[in-house]
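Letter by letter, the chains look like this.
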Amino acid sequence: MIPLLPVEEAKRRGKEAGVPDNLAGINVFRAMLQNPPAAARVANLLTTLLFEGKLDVRIRELVILRIGWRLKSEYEFCQHVAVAKRSKISEQDILGVRDPDACASYSDLDRAVIRMTDELIERAEISPATRAIISRSFTPEQMVELLLAVGNWTMFAIFLKNAEIPLDAGVPSWPEGRAPR
């Protein structure tokens, strides 16, 4: 639906807008750079959450993977399978987001974070029971980041699906050929 800019054009626009070169060349930003000011603001939040965050990488990736799975965003889920693997997150934990209750390696906190993600996707509010677990486990600084992460990657899932962004070269599709229903 939104055409991808040629890589060199995306990188040129990205440079002018302040989008890092490594982001400007990937498909999501090749589409998003059709609107450079918006792409620049999104890239700023994205890089802050990915590279300057106080949240544990594993927790962040479980949130992103769950959003990708729940919202059936192939690009988001599959890109972050690769990110999670590079971050040394186990295959069991990565694929566990598909059925968190059945994932033996998840802790009570992991399940609460995934439940919080589901609650925010479904009704934009965390239940009191989930909130009690989450608020005991994260600092206020981490809570800000956790809530922004859910919002950010939910926005990405919506954008990716509706802009019809194809997977980047070399990124495999759904693991085990299993897509969400």
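Provided above is the structure to which this section pertains.
Predicted model only: the values in this text are computed from it and were never measured. (Residues numbered from 1 in each chain as written. Predicted model: local features only at pLDDT ≥ 70, side-chain atom pairs only at ≥ 80, totals over all residues. Heavy atoms only, no water.)

## A few points about the overall build of the protein
Counting secondary structure elements, the protein contains ten helices and zero strands. Listing every helix and strand of the protein by position from the N terminus yields α-α-α-α-α-α-α-α-α-α. In terms of overall dimensions, the protein is globule-like: its C-alpha atoms have a radius of gyration of 16 Å, near the 16 Å expected for 181 residues. With the C-alpha coordinates of the protein rotated into their principal frame, the extents come out at 50 × 35 × 30 Å. Counting only residues that meet the buried cut, the protein has 47% of its 181 residues in that class. In the protein, 62% of the contacts between residues at least 6 apart in sequence involve partners at least 24 apart. (Helix = DSSP H or I, 4+ residues; strand = E, 2+ residues; numbered from the N terminus. Rg over C-alpha atoms; globule rule 2.2 N^0.38 Å. Buried < 20%, exposed > 50% of the residue type's maximum accessible area, 1.4 Å probe, protein only. Contact = heavy atoms within 4.5 Å.)

## Side note on the layout of surface pockets
Here the largest pocket defines a volume of roughly 490 Å³. Around the largest pocket, the lining comprises 22 residues; the ones closest to its centre are Ile26, Leu50, Gln79, His80 and Val83. When residues in the lining of the largest pocket are grouped by element, the largest group, seven residues, is from helix H6 (residues 74-86). (1 Å grid on protein atoms, 1.4 Å probe; cavity = no way out; pocket = protein on both sides within 12 Å on 5 of 7 lines; lining within 4 Å. Points joined across faces, edges and corners; volume = space filled by probe spheres on them.)

## What to know about the pattern of salt bridges
Going through the model one piece at a time under the given rule, you end up with 14 salt bridges. Ionic pairing is found between Arg70 and Asp118, a salt bridge with its closest N-O pair at 2.9 Å. In this pair, Arg70 sits in helix H5 (residues 57-70) while Asp118 sits in helix H8 (residues 108-123), placing the two residues 48 residues apart along the sequence. Classification of Arg70 as partly exposed rests on a relative accessible area of 28%. Note on Asp118: relative accessible area 12%, which makes it buried. Because the salt bridges share partners, they merge into one network encompassing Arg66, Arg70, Asp118, Glu119, Glu122 and Arg123. (Salt bridge = Lys/Arg side-chain N within 4 Å of Asp/Glu carboxyl O.)

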